Amino acid sequence: MKATTPMTAPLERATTRPSTEAACRRTFAIISHPDAGKTTLTEKFLLYAGAVQEAGAVKARAGRRKATSDWMALEQERGISISSTVLQFGYRGFTVNLLDTPGHRDFSEDTYRVLTAADAAVMVLDVAKGIEPQTLKLFEVCHARRLPVITFLNKCDRPGRSPLELLDEIEDQIGLVATPVTWPVGEPGDFHGVIDRRNGAFVGFSRTARGGAAEAEEFSLTPEQAAASFGAAWAHAFEEAALLDEVGASLDVPSFLAGRTSPLFVGSALTNFGVRHLLDAVIDLAPGPSAIEDADGVPRELDAPFSGFVFKVQANMNPAHRDHVAFVRVCSGHFERGMILTHGTTGKPFATKYAASVFGSERETIDEAWPGDVIGLVNASGLRVGDSLYESDPVTFPPIPAFPPELIATAHPRDLSRSKQFKRGLAQLEQEGVVQILRRSVDDPTPILAAVGVMQFDVLQHRMEHEFGAALSLTGPHERTVRLTDEATAEQLRTLSGVEVLHRGDGALLALFQSPYWLARVASDHPDWMLEQIVTT
Ligand SMILES: Nc1nc2c(ncn2[C@@H]2O[C@H](COP(=O)(O)OP(=O)(O)OP(=O)(O)O)[C@@H](O)[C@H]2O)c(=O)[nH]1
Ligand SMILES: [Mg+2]
């Protein structure tokens, strides 16, 4: 069901300066370890924003709506997110660009790319699990990119750990001071509602009959009324909140914007408890779009002529029209559909006739966009991740680096008569970054598929078969330890066994060692060889 919520109506505004429009926008990503509840939370945000009438479920039973955000067939089959999703909707007069990311480590390259387009992140923690390995990694990326982070302690409807203990864990493990804005009344699993520490009131939620498909009803009680209703649970929560006051763990916007503290909210995405508080916080606390630095570190001012960069490409989102969408984050200026931009990489003009706002796998033609917005350029097959687009004033945004692959495999079409589809599919999926394609030499036709995790190969196989009609068999995957190298070192490496030098599409030379021990040995024997670690943050 497509959102009927209008985007902000720029024509009705008194002024149409990009910086003014940017102030009415929020562009943020939801990140976490797998299964913490990102997609469920995304679905509930859409519900509260009125962008869907009924929230879908990640693992929908017959007759229930599927999640808008997990639109890919394989995602719905497995109940996990594989690819990040862009959802644009209106809320409280703001245009919200929400980026739901996959938590699984194998897809972290996609998440990483998407974080380049966000101005803030919502970090979801499972109250029973706290900080998990992938939370840690993703937080590091946010930290390196200086993204302010809002924390949501999710799944409070189930038994979990003590929230106070989790605050310590967040600080110890990621060095972020969590400043609870809401605090649970009742233990996880026996959760009555929250204290809103901004005014001391109790906010209770009533479970909805339809298992969270509709908004939860909220009711507010004064501290006296809450004490009468919840007795010991209220007293305990009140004590803990007083302790938080004492240690100064209270909302502080400047240190949040600087990435040192994180406003924390508690609730349950499944039952909708605390979801509205969190969505309101994104509007009230998260920063709007600001000038983004170009590759030389010079900020591109919001009111400069149009500029943007591609952070994701995706084909076949909609079986009804199998095409290719390049997702562009607008950095500056006023985008008007039909304008002729310059494609930074080739210097060629780029016509923007087919521009859309995106809502999961659905899209709608848009006529204009402003800084912070994500636009989908349809059938822009020449655009690659990291490319800049601009009007009049040239700008190059920092490149979006590829992750070092850890696994390689070779692919063969099962049906040789489908080799054209096989080639086309691989080229498309490489462009999307589903896997990387390496070659033994620039003109060698045999592709070597490289990936961070084994599930990337599963996705490749599934999509090759179902989207391109080119079923394939794989040899591998095999583990490799990869380093960036140069021609001089490559020449030496080619004389050794246990290491292979391969070409990447962007011209880089990669040395793939059969084991980390072999790499360590070669590196220590030849300290002057170029064997550079590929860093991504
Ligand atoms: N009890 C409970 N379950 C929840 C809650 N939020 C999400 N879940 C469940 O947790 C599972 C994972 O939820 P998702 O929303 O798919 O998690 P995710 O973080 O998007 O997972 P990936 O995208 O695969 O990383 C699903 O079965 C959800 O129904 C919650 O608040 N309470
Ligand atoms: Mg998900």
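**Some details on the nonpolar core**
Point 1. Counting 110 residues, the largest nonpolar core has Phe-28, Ala-118, Ala-121 and Val-328 as the members making the most contacts within it.
Point 2. Taken domain by domain, the makeup of this core includes at least three residues from each of domain 1 (27–284) and domain 2 (292–390).
Point 3. Discounting chain neighbours no more than four positions away, the residues touching Ala-121 are Phe-28, Ala-29, Ile-31, Leu-115, Cys-142, Leu-147 and Val-149.
Point 4. By size, the runner-up hydrophobic cluster in this structure holds 39 residues, among which are Phe-403, Leu-472, Leu-493 and Val-499.

**What about helix H2 (residues 38–48)?**
An α-helix turns once per 3.6 residues; consequently, residues spaced three or four apart project the same way.
Point 1. H2 sits mainly inside the fold: 10 of its 11 residues count as buried.
Point 2. The complete set of buried residues in H2 reads Lys-38, Thr-39, Thr-40, Leu-41, Thr-42, Glu-43, Lys-44, Phe-45, Leu-46 and Leu-47.
Point 3. Gly-50 sits one or two residues past H2 and shows a positive phi near 75°.

**Quick look at the domain arrangement of the protein**
Point 1. By the assigned domains, the protein splits into domain 1 (27–284), domain 2 (292–390) and domain 3 (407–525).
Point 2. Summarising the inter-unit geometry, the C-alpha centres of domain 2 and domain 3 are found 29 Å apart.
Point 3. Listed by partner, the interface residues are 6 residues for domain 2 and 5 residues for domain 3.

**Examining the site of ligand 1**
Point 1. The environment of ligand 1 is made up of 22 residues, and the closest members are Gly-37, Thr-39, Ser-81, Gly-103 and Leu-270.
Point 2. With 3 residues, the top contributor of residues to the shell around ligand 1 is H2.
Point 3. Split by residue class, the shell around ligand 1 holds 7 nonpolar, 9 polar and 6 charged.

**Some remarks on the confidence of the model for the protein**
Point 1. Here the protein shows a mean pLDDT of 91. Residues at 70 or above account for 95%.
Point 2. Low pLDDT (under 50) marks residues 1–14, which in the prediction has 26 contacts with non-local residues, meaning those over four places away or in another chain.

**Description of the sheet that holds strand E9 (residues 201–206)**
Point 1. The strand order across the open sheet formed by 4 strands is E7-E8-E9-E10, and the pairing between neighbours is antiparallel. With partners counted over all chains shown, the strands left at the sheet margins are strand E7 (182–185) and strand E10 (217–221), one partner each. Across the sheet, the mean angle from the axis of one strand to that of its neighbour is 30°, orientation sign disregarded.
Point 2. The sheet contact formed by E9 and E10 spans 5 bridges and is antiparallel. The partner of Gly-204 across the bridge, within E10, is Phe-219.
Point 3. Strand contacts of helix H7 (residues 223–246): E7, strand E8 (193–196), E9 and E10, with the helix running at about 115° to E7, the strand carrying the most contacts.

What counts as what
- Residues numbered from 1 in each chain as written.
- Chains lettered and ligands numbered in written order.
- Predicted model: local features only at pLDDT ≥ 70, side-chain atom pairs only at ≥ 80, totals over all residues.
- Core = buried A, V, L, I, M, F, W, Y, C linked by C-beta atoms within 7 Å.
- Buried ≥ 20, exposed ≤ 12 C-beta atoms within 10 Å, placed from the backbone.
- Domains from an automatic or database assignment.
- Contact = placed C-beta atoms within 7 Å.
- Helix = DSSP H or I, 4+ residues; strand = E, 2+ residues; numbered from the N terminus.
- Near = placed C-beta within 6 Å.
- Nonpolar A, V, L, I, M, F, W, Y, C, P; charged D, E, K, R; others polar.
- pLDDT = per-residue confidence, 0-100.
- Pairing = 2+ DSSP bridges.
- Axes fitted to C-alpha atoms, helices over the stretch in contact; angles between N-to-C directions.

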